[in-house]
Amino acid sequence: RKGGRVDGQVVDVNNNPTADATVVLFSNDASRWTIASRFVHAARPDNAGRFSVAGLPPGAYRVVAREFVPEGQWEDPEFLAGLVAGAARVDVGEAETATVTLKVQQ
């Protein structure tokens, strides 16, 4: 009930909002990249490119928007490790909201 939240918007290469992406948010701590982890989430933006992930335990996270992510692949530690370099870092506090704008990656 005191979980944090990440709100944001996904934009395309021309900085226009887009719904054609999957947002992957995951803990900065790789030991938390497990199946059904509270520290790993995927979300789809709405038609205005907006997304929200709530109920997050406080901590440091990485977040990225990809053009296509196969169902469930966001739970694969190897896949997440490959996203780290291109992902934005967000710090989530208890009952706080972090905001980020993501450019969709291929």
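These figures come from a predicted structure and were not determined experimentally.

Visitor: Would you explain the sheet that holds strand β7 (residues 97–103) in this entry?
Guide: Strand order in the open sheet formed by three strands is β4-β1-β7, with mixed pairing between adjacent strands. Each having just a single partner strand, β4 (50–56) and β7 make up the two edges of the open sheet. Within this sheet the neighbouring strands show an average axis-to-axis angle of 20°, counted without direction. Looking at chain direction, strand β1 (residues 4–11) and β7 are connected through seven bridges and run parallel. Along β7, the bridge assignment pairs Gly 8 with Val 100.

Visitor: Sorry, what's going on with the packing of aromatic side chains here?
Guide: What describes a pair of aromatic rings is the distance from one ring centre to the other and the angle between the planes of the rings. In this structure the tally under the stated criterion is one aromatic pair. Ring geometry for Phe 26 versus Trp 33: centroids 5.5 Å apart, planes at 80°, classification edge-to-face. On the basis of relative accessibility, which here comes to 0%, the residue Phe 26 falls in the buried class. Against the face of Phe 39 rests Arg 32, its NZ or CZ located 4.2 Å from the ring centre.

Visitor: Got a minute to help me understand the pattern of salt bridges in this structure?
Guide: Side-chain pairs of opposite charge can arise where the charged atoms are in close proximity. Evaluation of the coordinates by the stated rule reveals three salt bridges. With a closest N to O distance of 2.9 Å, Arg 5 and Asp 7 form a salt bridge. Residue class for Asp 7 comes out partly exposed when judged on its relative accessible area of 24%. The closest approach of N and O atoms between Arg 50 and Asp 46, which form a salt bridge, is 3.1 Å. By relative accessible area, Asp 46 is classed as partly exposed at 30%.

Rules and cut-offs
- Residues numbered from 1 in each chain as written.
- Predicted model: local features only at pLDDT ≥ 70, side-chain atom pairs only at ≥ 80, totals over all residues.
- Heavy atoms only, no water.
- Pairing = 2+ DSSP bridges.
- Helix = DSSP H or I, 4+ residues; strand = E, 2+ residues; numbered from the N terminus.
- Axes fitted to C-alpha atoms, helices over the stretch in contact; angles between N-to-C directions.
- Phe/Tyr/Trp six-rings, centres within 6.5 Å; stacked < 30°, edge-to-face > 60°.
- Buried < 20%, exposed > 50% of the residue type's maximum accessible area, 1.4 Å probe, protein only.
- Lys NZ or Arg CZ within 6 Å of the ring centre and 35° of its normal.
- Salt bridge = Lys/Arg side-chain N within 4 Å of Asp/Glu carboxyl O.

Everything listed here is a matter of geometry and, on its own, says nothing about what the molecule does.
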